[in-house]
Amino acid sequence: MLTRRDTFAIGLGASAVALLPATAFADAVEDWITAYTGGAAMEEGGVTITAPEIAENGNTVPVSVSAEGATEIVLVATGNPTPGLGRFTFGPGSGAPMIATRIRLGRTQDVVAIAKMADGTFKTTRVEVKVTIGGCGG
Amino acid sequence: MQHLKPARSLALASACVAALWSGAALADPDLTADLVIDGELHIVTRAPSDDIITPNLPERYSGWLFRSEDTRAMEMDDFENPAMIAVEAGAELWTTVDGTAGQSCQDCHGDAEESMRGVRAMMPHVNEDGVLWSMENYVNNCRTERMGAEAWRWSGDEMTSMTSFLSLQSRGMPVAVQIDGPAAPYWEQGREMYYTRYGQLELSCANCHEDSTGQMIRADHLSQGQISGFPTYRLKNAGIVSVHNRFRGCIRDTRAETFAEGSDEFRALELYVASRGIGLGVEGVSVRP
Amino acid sequence: MTDVRPRIRLPRSASAGDSITVKTLINHDMETGQRRNSAGETIPRQIINRFTCEFNGVMVIDVAMEPAISANPYMEFEAVVPESGEFVFTWYDDNGEVYTATEAFEVS
């Protein structure tokens, strides 16, 4: 159960996030990634993300990701309220370590993919997706 | 803002318009793009202009030509087009009995593929009583007068599913609304509205969609404002948007009080705007950002 | 239109042992829990939080989904079909509901 003090602390935390978005986002993303990899080093490359350079609407951004030899891929948003997008685990029936889906991006940001390889190592890559602010947001 | 003197207000409005259009890079429609659904059905996205309806347009362009490659691709595959969810829901409603008469759409109209083919292409249309009706009016008339069922909300899920389903039966057919005879006064009213400046920004439909086609309004391409693609799946809404809903959004964006969906004004405007797209293919259910 | 209707697309044919492209789409709002209604109250989160695909009982893909997956979630992936059989697709809703779709597939 939450005590009043906890609630107060949570409230403070939320305010801090609101006041310091850039730093807080960066920390949250770092924490999220560290939690996933257990702090292991990641090799750059070996993962391919296909996403529009400019998304016409951040609400539905088509993105695909593949990584040869991966058993699992996670997608991370670096500028959303929460970093996680999805974790894709490939089973023995998988034909290739790839996935295509549609994601929400709150603003222009990097999308990071981390692939967990069969030997337990990690590979990563990132792409920037510019999210335009429509003129007629009807 | 409403307390400003007229001259001041005008200057302010001009400033706003200038701000909206500043840095307007010319972003012409992509005239090399070809709209083909599932590799089979070609849809006309460019149609010749004429001197009566669109004397100020060099050619009529579907809004599809103004979208990014990703958005265009989503419409070219019926599986990837999320609007098909609404079409399927509409197909189910077509055969669902509702109301005191114990009837479904299908009981009277049979197979929609035959009976509804071409209907969307001629909407809105003047009914037997001389009143201009949108497709939504025809649907609700059936429901309340023949089926003894409740009218659906203009932009409610049931209605947009039904209009999506009906629209699909005309997919690929050229827009062919009637604008003469009994439709003439409605068409005139719609044209009048199209060139009337609304709102605190004092913008008419024509200011954006005729004078500035291909330019950017902030980060968005201004299309010709064609409605041949409606009902449309808007990525922003993650749902189906009706023509009148889009009109409301546009007028609100001029910072005006808007007309109601289904109002006399919007039905007249719908007829006029539809006529500006005569010859363009009905896209059935399009995808727009 | 609260009915959840999964959509599946498989290729028309494949040979035994081929890898085929599977596409799925399901209508769901994927309510993030970040939005407010017109009264200013937070709309509670309700998303599909997990999606799985199996072929003849063998796991093809298992996806943990976050609120940043777009409404009407779309998934496209590759599956191996060693023999004819049945695909089972399962979506898990935050509200505890589970939506299932099955699709038979014949190899040549």
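Residues numbered from 1 in each chain as written. Chains lettered and ligands numbered in written order. Predicted model: local features only at pLDDT ≥ 70, side-chain atom pairs only at ≥ 80, totals over all residues. Heavy atoms only, no water.

Brief notes about the overall build of chain B
Thought 1: Scanning chain B for helices and strands turns up 11 helices and 11 strands.
Thought 2: Against the 2.2 N^0.38 benchmark of 19 Å for 289 residues, chain B shows a C-alpha radius of gyration of 19 Å, consistent with a compact globule.
Thought 3: When its C-alpha atoms are laid out on the principal axes, chain B stretches across 60 × 45 × 35 Å.
Thought 4: Burial analysis of chain B (289 residues in total) assigns 55% to the buried set.
Thought 5: Looking at chain B alone, contacts between residues at least 24 apart form 68% of all its contacts between residues at least 6 apart.
Thought 6: In the form shown here, chain B has an accessible surface area of approximately 12600 Å², with 50% of it arising from carbon and sulfur atoms.
Thought 7: Of the side-chain charges in chain B, 24 are positive and 42 negative, and the distance between the mean point of each set is 9 Å. (Helix = DSSP H or I, 4+ residues; strand = E, 2+ residues; numbered from the N terminus. Rg over C-alpha atoms; globule rule 2.2 N^0.38 Å. Buried < 20%, exposed > 50% of the residue type's maximum accessible area, 1.4 Å probe, protein only. Contact = heavy atoms within 4.5 Å. Areas by Shrake-Rupley, 256 points an atom, 1.4 Å probe, with all protein chains shown as cover. Lys, Arg positive; Asp, Glu negative; His and termini not counted. Charge placed at Lys NZ, Arg CZ, Asp CG, Glu CD.)

So, the packing of helix α10 (residues 243–253) of chain B against helix α11 (residues 264–275) of chain B
Between two packed helices, what matters for the description is the angle formed by their axes and the separation of those axes.
Residue and element names in this part refer to chain B.
Thought 1: In contact at an axis separation of 10 Å, α10 and α11 are set at 100° when each is read in the N-to-C sense. In terms of orientation, α10 and α11 fall into the roughly perpendicular class. Here V243, H244, F247, R248 and I251 of α10 come into contact with α11, specifically with F266, R267, L269, E270 and V273.
Thought 2: Broken down by class, the residue content of the contact of α10 with α11 amounts to 6 nonpolar, 1 polar and 3 charged. (Axes fitted to C-alpha atoms, helices over the stretch in contact; angles between N-to-C directions. Parallel < 35°, antiparallel > 145°, perpendicular 65-115°, else oblique. Nonpolar A, V, L, I, M, F, W, Y, C, P; charged D, E, K, R; others polar.)

What to know about the UniProt feature "binding site: heme c 2" (unreviewed entry) in chain B
All names here are of chain B.
Thought 1: In the numbering used here, UniProt assigns the feature "binding site: heme c 2" (unreviewed entry) to C205, C208, H209 and C250. Sequence-wise these annotated residues cover 46 residues; spatially they are packed, their C-alpha atoms never more than 10.8 Å apart.
Thought 2: Residue position: C205 is located in helix α9 (residues 205–209).
Thought 3: Beyond its immediate stretch of four places on either side in the chain, C205 contacts M193, Y194, E210 and L269.
Thought 4: On the secondary structure map, C250 appears in helix α10. (UniProt positions renumbered as here; feature names shortened; annotations may be inferred.)

Some words on the packing of aromatic side chains
Thought 1: By the definition in use, this model includes 17 aromatic pairs over all chains.
Thought 2: The ring of Y74 of chain C is capped by R102 of chain A, whose NZ or CZ atom sits 4.3 Å from the centre of that ring.
Thought 3: Stacked on the ring of W64 of chain B, the Lys or Arg R72 of chain B has its end atom at 5.4 Å from the ring centre. (Phe/Tyr/Trp six-rings, centres within 6.5 Å; stacked < 30°, edge-to-face > 60°. Lys NZ or Arg CZ within 6 Å of the ring centre and 35° of its normal.)

Notes on the domain arrangement of chain B
Residue and element names in this part refer to chain B.
Thought 1: Looking at the assigned domains, one finds that chain B contains domain 1 (6–79 + 174–288) and domain 2 (84–168).
Thought 2: The centre of domain 1, based on its C-alpha atoms, is set 24 Å off from the matching centre of domain 2.
Thought 3: At the junction of the two partners, domain 1 supplies 28 residues and domain 2 supplies 24 residues.
Thought 4: Summing both sides of the interface, domain 1 and domain 2 together bury roughly 1900 Å²; the carbon and sulfur share of this comes to 61%.
Thought 5: At the boundary of domain 1 with domain 2, the tally comes to 0 salt bridges. (Domains from an automatic or database assignment. Buried area = accessible area lost by both parts, 1.4 Å probe. Salt bridge = Lys/Arg side-chain N within 4 Å of Asp/Glu carboxyl O.)

Observations regarding the interface of chain A and chain C
Thought 1: Listed per partner, the contact involves 26 residues of chain A and 27 residues of chain C.
Thought 2: Summing both partners gives a buried area of about 2000 Å² for chain A against chain C, and 55% of it is carried by carbon and sulfur.
Thought 3: Summed over the three residues of chain A that lose the most area to chain C, namely G93, R102 and R104 of chain A, the buried surface amounts to 29% of that side.
Thought 4: At the surface where chain A touches chain C, the tally comes to 0 salt bridges.
Thought 5: Summed over the shared surface of chain A and chain C, the result is 17 residue pairs in polar contact (both at pLDDT 80 or more).
Thought 6: Mapped onto the side of chain A that touches chain C, the elements with two or more residues apiece are β6 (84–90) and β7 (94–103) of chain A. (Polar contact = N/O pair within 3.5 Å; in protein donor to acceptor, adjacent residues only side chain to side chain.)

Focus: unusual backbone geometry
A negative phi holds for most residues other than glycine; trans holds for most peptide bonds.
Thought 1: Here the amide bond leading from M123 of chain B into P124 of chain B is cis, since omega sits at 0°, within 30 degrees of zero.
Thought 2: When you line up the elements, P124 of chain B lands in the loop between α5 (112–115) and β5 (125–126).
Thought 3: For the peptide bond that leads from F230 of chain B to P231 of chain B, omega is -5°, which places it in the cis range.
Thought 4: On the secondary structure map, P231 of chain B appears in the loop between β8 (220–221) and β9 (232–234).
Thought 5: You will see that M30 of chain C, though not glycine, has its phi angle at about 50°, which is positive.
Thought 6: When you line up the elements, M30 of chain C lands in the loop between β2 (18–26) and β3 (48–55).

With respect to the side chain of S228 of chain B
Residues and elements named next belong to chain B.
Thought 1: Locating S228 in the fold gives a position in the loop between β8 and β9.
Thought 2: On the basis of relative accessibility, which here comes to 4%, the residue S228 falls in the buried class.
Thought 3: Setting aside residues up to four positions removed in sequence, S228 forms contacts with R120, V175, L280, G281, V282, E283 and G284.

Quick look at the pattern of salt bridges
Thought 1: As enumerated under the stated definition, the model contains 26 salt bridges over all chains in all.
Thought 2: With a closest N to O distance of 3.3 Å, R60 of chain B and D50 of chain B form a salt bridge. Here R60 of chain B, found in strand β4 (residues 59–61), pairs with D50 of chain B, found in the loop between β3 (46–48) and β4; they are 10 residues apart in sequence, far enough to count as distant.
Thought 3: Note on R60 of chain B: relative accessible area 2%, which makes it buried.
Thought 4: Taking the shortest distance from any N to any O, the salt bridge between D253 of chain B and R252 of chain B comes out at 2.9 Å.
Thought 5: Using a relative accessible area of 25% as the deciding quantity, one classes D253 of chain B as partly exposed.
Thought 6: A cluster of three or more residues bridged by salt bridges with shared partners is formed by D38, D77 and E80 of chain B together with R9 and K23 of chain C.

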